[in-house]
Amino acid sequence: MDKEIKVIIDKANELSNLMKNHKITIDFMKSAEEIKQDRRTQTLLEKLVFEGEKLNEKINSGDDVILDNTYEIELLKAELEENEMAKNHIIIQKEYLNMINTVLERIKTPIE
């Protein structure tokens, strides 16, 4: 292997370990493991993702965004308000994804 490529690979491994051991990653992985033990929270998050995907499809297709299932959405909203585990997971997941996006952006556009 080219010596310069090995240096890059070594730095990538170092970055990977830094990210894996970062508090945000540890919190996210812990939250994901806790959710695996809570079927109610899993179901709620799956429903929220499904509704979000449907909404994104409408937006991306250029169709008018008319919510035809507002009652179901209100039920999901109420369920989310009561489910601390789901709310915390969404917050932690957002932090985790923001960290990953920040790192990816820095890789694409390094500061000189």
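What you see is a predicted model, and the numbers here were worked out from it, not measured in a lab.

Cut-offs applied
- Residues numbered from 1 in each chain as written.
- Predicted model: local features only at pLDDT ≥ 70, side-chain atom pairs only at ≥ 80, totals over all residues.
- Heavy atoms only, no water.
- Patch = residues over 30% accessible without salt bridge, like charges linked within 9 Å, V, L, I, M, F, W, Y side chains within 5 Å.
- Areas by Shrake-Rupley, 256 points an atom, 1.4 Å probe, with all protein chains shown as cover.
- Salt bridge = Lys/Arg side-chain N within 4 Å of Asp/Glu carboxyl O.
- Helix = DSSP H or I, 4+ residues; strand = E, 2+ residues; numbered from the N terminus.
- Buried < 20%, exposed > 50% of the residue type's maximum accessible area, 1.4 Å probe, protein only.
- Axes fitted to C-alpha atoms, helices over the stretch in contact; angles between N-to-C directions.
- Left-handed = near helix turned anticlockwise from the far one by under 90°.
- Contact = heavy atoms within 4.5 Å.
- Nonpolar A, V, L, I, M, F, W, Y, C, P; charged D, E, K, R; others polar.

> Looking at this structure, I do not really get a nonpolar patch on the surface. What am I missing?
The grouping of L15, L104 and I107 at the surface amounts to a nonpolar patch, some 260 Å² of accessible area in total. Relative to the helices and strands, L15 resides in helix α1 (residues 3-20). Owing to a relative accessible area of 30%, L15 belongs among the partly exposed residues under this scheme.

> Please clarify how the pattern of salt bridges should be interpreted in this entry.
Should the charged atoms of two oppositely charged side chains come close, the side chains can pair. Applying the stated criterion across every chain, the model contains six salt bridges. The shortest N-O distance in the salt bridge between D10 and K6 comes to 3.1 Å. Highlighted residues: D10 and K6, both in helix α1, separated by four residues, approximately one helical turn. For K6, a relative accessible area of 45% corresponds to the partly exposed category.

> Would you take a moment to explain the packing of helix α2 (residues 23-36) against helix α5 (residues 84-108) for this structure?
The relative placement of two packed helices is expressed as an angle between their axes plus a distance between the axes. Following both chains from N to C, one finds α2 and α5 inclined at 145 degrees, their axes separated by 9 Å at the closest point. In terms of crossing hand, the pair formed by α2 and α5 is left-handed. Together, I24, T25, D27, F28, M29, S31, A32, E34 and I35 of α2 and M85, H89, I92, Q93, E95, Y96 and M99 of α5 make up the contact between the two elements. Its residues placed into classes, the contact of α2 with α5 shows nine nonpolar, four polar and three charged.

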